[in-house]
Number of protein chains: 2
Amino acid sequence: AMSVDELLARGPMQESAELRLLFHRLNNQLGIILAHAELLEAKAPDDAHRARAAQVVASALEAMGTANEIRRYATPTPEAS
Amino acid sequence: AMSVDELLARGPMQESAELRLLFHRLNNQLGIILAHAELLEAKAPDDAHRARAAQVVASALEAMGTANEIRRYATPTPEAS
């Protein structure tokens, strides 16, 4: 049987297959956004479109960072630590 | 003192202020992506740009849904349930 101490030692969230799947899906969706936004930035017809596409690129990178922080918060002790 | 049963009853992740902040930040970043992508779609100079911007809009909406699923997974019993 597991003690409270052991359970707490696992970190604030319990890692699970479902959670891994959800993070994987989120990363894929952010990757699609990033790829399209980079192409929109490269092929922008003018500076206004380019600046707007660059904002999407920047926000997609930031969102990837935040998703990783949430994931790290969820799984503070990865297998290879 | 809290029992293992009580701790498990709280759900797979422990809600915390830091986690709420991270989800809030992620939602903001996705909202910025969505707003810019919708404008890029509306002001696209041709069908290729429009289709690409529409893909960013679709992926941003999907990412918001996935983020909400992760959050729901993290906090299975919101205050007003």
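Criteria and thresholds
- Residues numbered from 1 in each chain as written.
- Chains lettered and ligands numbered in written order.
- Predicted model: local features only at pLDDT ≥ 70, side-chain atom pairs only at ≥ 80, totals over all residues.
- Heavy atoms only, no water.
- Helix = DSSP H or I, 4+ residues; strand = E, 2+ residues; numbered from the N terminus.
- Buried < 20%, exposed > 50% of the residue type's maximum accessible area, 1.4 Å probe, protein only.
- Contact = heavy atoms within 4.5 Å.
- Areas by Shrake-Rupley, 256 points an atom, 1.4 Å probe, with all protein chains shown as cover.
- Polar contact = N/O pair within 3.5 Å; in protein donor to acceptor, adjacent residues only side chain to side chain.
- Salt bridge = Lys/Arg side-chain N within 4 Å of Asp/Glu carboxyl O.
- Axes fitted to C-alpha atoms, helices over the stretch in contact; angles between N-to-C directions.
- Parallel < 35°, antiparallel > 145°, perpendicular 65-115°, else oblique.
- Left-handed = near helix turned anticlockwise from the far one by under 90°.
- Nonpolar A, V, L, I, M, F, W, Y, C, P; charged D, E, K, R; others polar.
- Core = buried A, V, L, I, M, F, W, Y, C linked by side-chain atoms within 4.5 Å.
- Expected span 1.5 Å × (residues − 1).

Draft legend 1. View of the overall build of chain A. Per the secondary structure count, chain A includes three helices and zero strands. Element order for chain A, N to C, with α for helix and β for strand: α-α-α. The buried share of chain A, reckoned over its 81 residues, is 36%. In chain A, the share of contacts with a sequence separation of at least 24, taken over all contacts with a separation of at least 6, comes to 67%. Summing over all exposed atoms, chain A offers an accessible surface of approximately 4600 Å²; the carbon and sulfur share of this is 54%.

Draft legend 2. Here's a closer look at the environment of B:H36. Within the secondary structure, B:H36 sits in helix α2 (residues 17-42). In this structure the C-alpha to C-alpha distance between B:H36 and B:A53, which are 17 residues apart in sequence, comes to 9.1 Å. With sequence-adjacent residues up to four places away left out, B:H36 is seen in contact with A:R52, A:Q55 and A:V56. In this structure the side chain of B:H36 is engaged in a polar contact, spanning 3.1 Å, whose partner is the side chain of A:R52.

Draft legend 3. Structural context of the pattern of salt bridges. All names here are of chain A. Under the defined criterion, the tally for this structure stands at four salt bridges over all chains. Between D47 and R50 there is a salt bridge, with its nearest N and O atoms 2.7 Å apart. Linking D47 with R50, this pair stays in helix α3 (residues 47-74), spanning three residues, or about one helical turn. When its relative accessible area of 33% is taken as the criterion, R50 is described as partly exposed.

Draft legend 4. Examining the packing of helix α2 (residues 17-42) of chain A against helix α3 (residues 47-74) of chain B more closely. Closest axis-to-axis distance for the α2(A)/α3(B) pair is 9 Å, and the angle between their directions is 160 degrees. Judged by the angle between their axes, α2(A) and α3(B) are roughly antiparallel. As α2(A) runs across α3(B), the sense of the crossing is left-handed. Classifying every residue of the contact of α2(A) with α3(B) by side-chain character gives 15 nonpolar, six polar and five charged.

Draft legend 5. Up close: the side chain of B:Q29. Note that B:Q29 resides in helix α2. Once residues lying within four places of it in the same chain are set aside, the contact partners of B:Q29 are A:S59, A:E62, A:A63 and A:T66.

Draft legend 6. Spatial organisation of the environment of B:A53. Assignment of secondary structure puts B:A53 in helix α3. Apart from the residues lying within four places of it in its own chain, the contact partners of B:A53 are A:L40, B:A37, B:L40 and B:E41.

Draft legend 7. The arrangement of the nonpolar core in detail. Grouped together as the largest cluster of nonpolar side chains are 37 residues, with contacts concentrated most on A:L30, A:I33 and B:I33. Among the secondary structure elements, those contributing two or more residues to this core are α2 and α3 of chain A together with α2 and α3 of chain B. Of the residues forming this core, the biggest block, 10 residues, is contributed by α3(A). When neighbours within four sequence positions are excluded, A:I33 is seen to be in contact with A:V56, A:A60, B:I33, B:V56, B:S59 and B:A60.

Draft legend 8. The environment of A:V57, seen in detail. Residue and element names in this part refer to chain A. Along the polypeptide, V57 turns up in helix α3. Residues V57 and A37, 20 residues apart in the sequence, show an inter-C-alpha distance of 5.6 Å. Not counting residues up to four positions away in its chain, the partners in contact with V57 are L34, A37, E38 and E41.

Draft legend 9. Representation of α3(B) in the model. Compared with the 40 Å implied by 1.5 Å per residue over 28 residues, the 40 Å span of α3(B) between its first and last C-alpha is a close match. Of the residues making up α3(B), those classed as buried are B:H49, B:A53, B:V56, B:V57, B:S59, B:A60, B:A63, B:T66, B:A67, B:I70, B:Y73 and B:A74. In this structure, the buried side of α3(B) is in contact with α2 and α3 of chain A together with α2 of chain B. The N-capping residue of α3(B), defined by a side-chain oxygen 3.1 Å from the backbone nitrogen of B:A48, is B:D46.

That's the geometry; what it means functionally is another story.
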